Amino acid sequence: MTAAPAKNVNSLGLPKADYKGLPTTLCAGCGHNSISDKIIDAAWDLGLKQEQVIKLSGIGCSSKSPAYFLGRSFGINTLHGRMPSVATGALIANHTLYGVGVSGDGDTGSIGMGQFKHMVRRNLRVVYIIENNGVYGLTKGQFSATADMGQEIKYTGRNELPPIDLCLEAIVAECGFVARSFAGDPKHVINLIKAALNYRGTAVLDIISPCVTFNDKDDSTKSYSWGKSHDERINDFSFVMTQDEIAIEQAEGETKAVELHDGTSIVLQKLAEGQHDPTDRMAAIKLLEDARAKQRFITGLIYINPNRPSLAEHEHLGSTPLSALPESKTRPSRESLEKVMAGMK
Amino acid sequence: MAVSDMPSPQTAERPPVVNMFSIMVATKNGSGSQTANTALLRALFKMGIPVSGKNLFPSNIQGLPTWYTIRISADGFTARRPLSEIVVALNPATAMDDYKEVEKGGFYMYADDIKIEMNRTDISHYPIPAKSIPQKFEKDPKLRGYAANMVYVGALAHLLGINMDDLRSALMFHFKNKPKPVESNMQIIQASAEWAAQNLKKSDPFKVEPLNKTDGLIMIDGNTAGALGAIYGGFTFCAWYPITPATSLADALTAYAPRLRMDAETNTPTYSIIQAEDELAALGMVIGAGWAGARAMTSTSGPGISLMSEFAGYGYYAEIPAVVWDVQRMGPSTGLPTRVSQGDVLGTYYLGHGDSKHVILLPADPAECFEYGWKAFDLAEQLQTPVFVLSDLDIGMNQWMSKPFEYPDQPMNRGKVLDAKKLDELGGFARYKDIEGDGVGYRTLPGTAHPLAAYFTRGTGHTEKATYSEKPDDWMNNMARLGRKHETARAIVPQPAVDLVEGAEIAIISYGSAHPAVEETRWRLEKNHGVKASYLRIKALPLAESIKDFVAAHKRVYVAELNTDAQMYQLLRLHVGDLQNKLVAANWGDGLPLTARWMTKFIMDKEGAK
């Protein structure tokens, strides 16, 4: 940061309370609430203008949460599984906005899998958070497609089908920012959100977020106790703002810096023997396959590739958002129409 | 018009039939006949003769039968005719059926290798060397098949008197002024015309003569017209998914937008066109873009409309502007994907679950496709709701004569949008509050730099301030306001075109591509039967109030449309209430454009011969 902000206000001079939303209506102790809090922390810390952020969601418990953070940001609660398409339209109509999408494992992994993968494939610039708890909460506890194989829930019985790994799906669809985290690890979540907000494409954050009502038994891999006892950090990084030259200098040599949007960077801590290098796509796929086979609860930055052009870049959009172009730019002249008509004779 | 009463060739001494007949060309799909047919059509158009062309094609890339009909009408009638005086047969598979299709007194031109029994004495027969002429001139065996089509063009040019210069400029139009393909095709046409002059003895009365009835007109398809309308309407975002017969609308956008919509200062496009993964995502993107302030559109056909249902209801309830083109084809289901229908009227009007009803525009020709192409954005933003434009395959994919399109006569209407300055003045806003009583609230656009700008958009029940609500009163008030908004729409959408005929006891109501056949039907009714008929053409839904008076003023009102369930008839019955027994459903749905012959007979059967 250029100047140390005054205490309790951010670089815009705003207190954190300014970034709050409405009171949550989710269950007490729900992982989603702690993720909402971390989005507030990250946005406040980065000094984001809330008016420059749009919050998007699908349908489900997770998708209710955008009402509970960044109260001065525009929000849109869309259809079940269809937030990626709405995000695509909105963030191409105005590509200067930050997009924060909140989805769930049902919303993304089942009804919305197609849209999710196509959004990733297009590399829309958006932070796509999956609040992953393995169950459908609002409809009272059916298994989702990320539920553990062999798991039993009182209401639904036994799940006989293998889970879908949404990080793996994202990497296969050419996602350039894939991370997994745990709602019970706030610091890690904040750090990831900050980096993701500055990534020039789709950043997929698969955050295991326990459902205290339907899926928090100790033997569930989506429970608090499982997360706390099994969390296996695959790497660590720090998020560095452009101006923070000291941090970059310190970083050089010892670590690996990956440049993000507007000159911000992720500085990866020096990898210890056997630690995962997130710039290696094949290694990332192998790691996820291994984690799946051994039921390892890995967290960290799984894959990063800052080189793919974003959808807005692919569309060659200018600096003025499409939504702000005046009529003089979007209605061609009378003479041009006469010329087109003359060519039809 | 009554060419069918003409004597057969054997009775000799037939007066010439000038500029009043139809040609049907039967070929195989993918054989390149489209070039030949559109060249014929445009050459006739360039000669000043009113023409219309209709392509009856299969859902297939190559090999299945396809037919192209050209109607030549000095009187300017452009509706499809059920039979043709001239049939050109190049497809052995359909040659026998095509033979039977020749109108009495007409002629059958056929590739000379077609071997069928030809025993009709009421028509003329002209074999043409469709293979040997191309063999002489075209070295590339791949192109020889295409060149075969130019043989019938040349033979017809000779027999009918089509101007060679006009054929050349028609080919120039088709090949975008590339001389090489134009000259190689002209070579075949000329050789074939010369061959015909030496080898065919003309025994038919048909000929064309130059007129001046197409002066100042253009020839264009409705999908290109709709795309141009969108370009001049300031579309900034389009998401679409390929589907016949709507694809060529998005194709035309993609072709014209780079020419017409680059920002001269920054050399960047002032639009984005995205091919979505399906129609559901296409409308999702359009809704997202409309919410964020773009003029957003999609184009699709019936199956896509089905997929868009949930988002259409969302757009209606969350009040987000969007423009959806439905270039209708025949359903239900995959149905007849390359044939025309007006079968999406009811489904689209009520698209979405729960209580929803939409604004629909009903263009009848390319000029209206252009007009509604830009007007739809004004209406969508004014009313903050999805607006559907229901065109169809006949309008969208066939070539129509048209007056040149008129430049938009009013600046864009972006609707009720509050910017930061206005928010400062007002000290805040409630998104869904009905301040003016027209049912339309004020909105702000994401990115508006003002602490009071943001609101939360949702498909769930909400208050005037856009907060979540399950309260019965909030729900009822909101739905009542949406009802008021629909009434506002009723008053500001394009109003019907009405032709009240003095002394007419009966009337016809129609819309869209049924229009040319209805115009011709009225002419036939009066000329052949002495029956006068008033006419009202619906241009939009919700239905105009004035329709009630129109129905009241007549004894019987025939509702002409192209579908099986008489869909507009059903909506009209609801609309006119006590007058509903005056309405007669005159619907036809076989996948082909409406004909005046059927329509006239239908009405006269009901009215009784006079």
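These notes cover the structure that comes with them. (Residues numbered from 1 in each chain as written. Chains lettered and ligands numbered in written order. Predicted model: local features only at pLDDT ≥ 70, side-chain atom pairs only at ≥ 80, totals over all residues. Heavy atoms only, no water.)

**Remarks on the sheet that holds strand β12 (residues 237-240) of chain A**
Residues and elements named next belong to chain A.
Step number 1: Here we have three strands laid out as an open sheet, ordered β12-β14-β13, and antiparallel in their pairing. The sheet terminates laterally at β12 and β13 (256-259), the two strands that pair on one side only. In this sheet, neighbouring strand axes are inclined to one another by 20° on average, regardless of whether the strands run parallel or antiparallel.
Step number 2: In this structure, β13 lies alongside strand β14 (residues 265-268), joined through four bridges in antiparallel fashion. Directly across from Ala257, in β14, lies its bridge partner Val267.
Step number 3: Strands in contact with helix α7 (residues 186-197) are β12 and β14; relative to β12, the strand with the most contacts, it is inclined by about 45°. (Pairing = 2+ DSSP bridges. Helix = DSSP H or I, 4+ residues; strand = E, 2+ residues; numbered from the N terminus. Axes fitted to C-alpha atoms, helices over the stretch in contact; angles between N-to-C directions. Contact = heavy atoms within 4.5 Å.)

**Notes on the interface of chain A and chain B**
Step number 1: Taken residue by residue, the interface counts 51 residues in chain A and 73 residues in chain B.
Step number 2: Roughly 5000 Å² is buried in total at the junction of chain A and chain B, and carbon and sulfur atoms are behind 66% of that figure.
Step number 3: The largest contributions to the chain A side of the interface with chain B come from Phe74, Arg331 and Met344 of chain A, which together make up 16% of the buried area.
Step number 4: Counting the contacts that link chain A with chain B gives three salt bridges.
Step number 5: Note that Lys329 of chain A is salt-bridged to Asp263 of chain B, the shortest N-O span being 3.0 Å.
Step number 6: In this assembly, chain A and chain B are joined by 21 residue pairs in polar contact (both at pLDDT 80 or more).
Step number 7: Every element with two or more residues in the side of chain A that touches chain B is listed here: β1 (53-57), β2 (74-77), α3 (83-93), α5 (113-122), α12 (327-330) and α13 (334-342) of chain A.
Step number 8: Here the side of chain A that touches chain B gets seven residues from one element, more than from any other, and that element is α3 of chain A.
Step number 9: Among the residues forming the side of chain A that touches chain B, the class breakdown is 20 nonpolar, 20 polar and 11 charged. (Buried area = accessible area lost by both parts, 1.4 Å probe. Salt bridge = Lys/Arg side-chain N within 4 Å of Asp/Glu carboxyl O. Polar contact = N/O pair within 3.5 Å; in protein donor to acceptor, adjacent residues only side chain to side chain. Nonpolar A, V, L, I, M, F, W, Y, C, P; charged D, E, K, R; others polar.)

**A few points about unusual backbone geometry**
Step number 1: A cis geometry characterises the amide bond from Thr244 of chain B onward to Pro245 of chain B, with omega recorded as 5°.
Step number 2: Along the chain, Pro245 of chain B falls in the loop between β10 (237-240) and α8 (247-260).
Step number 3: In this model, Lys140 of chain A sits at a positive phi of 80°, which is unusual for a non-glycine residue.
Step number 4: With respect to the element layout, Lys140 of chain A can be found in the loop between β5 (135-136) and β6 (142-143).
Step number 5: Owing to a relative accessible area of 51%, Lys140 of chain A belongs among the exposed residues under this scheme.
Step number 6: With a phi close to 70°, Ala466 of chain B is a non-glycine residue in the positive phi region.
Step number 7: On the secondary structure map, Ala466 of chain B appears in the loop between β18 (456-458) and α16 (472-492).
Step number 8: Look at Ala466 of chain B and you get buried, because its relative accessible area is 1%. (Buried < 20%, exposed > 50% of the residue type's maximum accessible area, 1.4 Å probe, protein only.)

**Re the pairing of strand β9 (residues 177-182) of chain A**
All names here are of chain A.
Step number 1: Here β9 lies mainly inside the structure; six of its six residues are buried.
Step number 2: Of the two faces of β9, the one carrying Phe177, Ala179 and Ser181 and the one carrying Val178, Arg180 and Phe182 are both buried.
Step number 3: The sheet contact formed by β9 and strand β15 (residues 297-304) spans four bridges and is antiparallel. Of the residues in β15, the one forming a bridge with Val178 is Tyr303.

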